[in-house]
Amino acid sequence: MSVLSAIHASAAILLVVAGVAKLARPADGFAGLVGFRARPFLVRTLGGGEVVAGAGALWLGGPVAASAVGLLYAAFALAVLRALLIGAESCGCFGRLDAPPSRVHVLGNLALAAVSFVAAGADVAPVQTIVQSISDRPAYGAALALEIVLMAGLGLVAFTALPEALGARTVRAARHDTDTLFRSVPPLAAKPGEPVAVEGRRR
């Protein structure tokens, strides 16, 4: 399995996670993604589509399943970009494991879409490849499976925790700049021979 195929497999896992999150919490799963709160039925339909596309790409492989994953990530990139432009508070992709929309999320979706479209020409079924690798070389197959799962986990962190951390850092920097701009100015020291004002009197 090539590196691109492994990244595509991790993208498919991430898609399944996002779909399950929408199925479990439809009220949270789509809020702000396109600028309005969708009905739970529509959210569950989208989540089910994500699960089917991701599972199909993992189990069956082939150009159709890989292209479906790529199309979903491309559509999500556009939706998150719109949410970012309108100032939505949530990207709505992972239920409670969520974060404000960010450029990281847009670029990540575009990158995973591109990888999935490239993997569509490879006609690789990741699960079958991993099972065959474990059968032939157990250590290599286990390492390959672990690598794919870890990449999916890193993708989840990049789409959820990283934008939130960057947003908190931006807020702290803005507060620091405001405090610096409006900080109190210490009184000027009196020159030798000039009277010093104490509690409204001069002495």
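Residues numbered from 1 in each chain as written. Predicted model: local features only at pLDDT ≥ 70, side-chain atom pairs only at ≥ 80, totals over all residues. Heavy atoms only, no water.

Looking only at helices and strands, the protein chain has eight helices and two strands in total. Ordered by position in the sequence, the α and β elements of the protein chain form the string α-α-α-α-α-α-α-α-β-β. Across the 203 residues of the protein chain, 36% fall into the buried class. Residue pairs in contact within the protein chain that sit at least 24 positions apart in sequence constitute 72% of those at least 6 positions apart. Counting every atom, the protein chain has about 12100 Å² of accessible surface; 68% of that belongs to carbon and sulfur. (Helix = DSSP H or I, 4+ residues; strand = E, 2+ residues; numbered from the N terminus. Buried < 20%, exposed > 50% of the residue type's maximum accessible area, 1.4 Å probe, protein only. Contact = heavy atoms within 4.5 Å. Areas by Shrake-Rupley, 256 points an atom, 1.4 Å probe, with all protein chains shown as cover.)

Where helix α4 (residues 62-85) contacts helix α5 (residues 103-119), the axes come no closer than 8 Å and their chain directions differ by 165°. Considering the angle they form, α4 stands roughly antiparallel to α5. For α4 against α5, the interelement crossing comes out left-handed. Counted together, A66, S67, V69, G70, L71, Y73, A74, F76, A77, V80, L81 and L84 of α4 and R103, H105, V106, N109, L110, L112, A113, S116, F117 and A119 of α5 form the full contact between these two elements. Classifying every residue of the contact of α4 with α5 gives 16 nonpolar, five polar and one charged. (Axes fitted to C-alpha atoms, helices over the stretch in contact; angles between N-to-C directions. Parallel < 35°, antiparallel > 145°, perpendicular 65-115°, else oblique. Left-handed = near helix turned anticlockwise from the far one by under 90°. Nonpolar A, V, L, I, M, F, W, Y, C, P; charged D, E, K, R; others polar.)

So, about the pattern of salt bridges. Per the counting criterion, the structure on display carries one salt bridge. With its nearest N and O atoms 3.1 Å apart, the salt bridge here joins K22 to E50. Of this pair, K22 sits in helix α1 (residues 3-24) while E50 sits in helix α3 (residues 40-59), and the two are 28 residues apart along the sequence. (Salt bridge = Lys/Arg side-chain N within 4 Å of Asp/Glu carboxyl O.)

On to the environment of A83. With respect to the helices and strands, the residue A83 is situated in helix α4. Between the C-alpha atoms of A83 and P101, which are 18 residues apart in sequence, the distance is 6.5 Å.

Here the focus is the confidence of the model for the protein chain. Close reading of the predicted structure is inappropriate where its pLDDT is low. Looking at the protein chain as a whole, the pLDDT averages 75, with 67% of positions reaching at least 70. Model confidence for the protein chain, summarised as mean pLDDT per element, is weakest for strand β2 (residues 201-202) at 48 and strongest for α5 at 89. Here residues 199-203 is a poorly scored stretch, pLDDT under 50, and it has six contacts once near neighbours within four places are set aside; other chains count. (pLDDT = per-residue confidence, 0-100.)

This brings us to the environment of I130. Within the fold, I130 resides in helix α6 (residues 126-136). Along the chain, I130 and G141 lie 11 residues apart, while their C-alpha atoms are 5.6 Å from each other. Excluding its chain neighbours within four sequence positions, the residues that come into contact with I130 are G141, L144, A145 and I148.

We now examine the nonpolar core. Membership of the largest hydrophobic core comes to 25 residues, with the highest contact counts inside it found for L14, L15, V69, Y73, F94, L112 and I148. Counting residues per element, the ones that place at least two in this core are α1, α3, α4, α5 and α7 (138-159). With seven residues, the single largest contributor to this core is α1. The contacts of L14, once residues within four sequence positions are left out, are Y73, F94, L112, A152, G155, L156 and F159. (Core = buried A, V, L, I, M, F, W, Y, C linked by side-chain atoms within 4.5 Å.)

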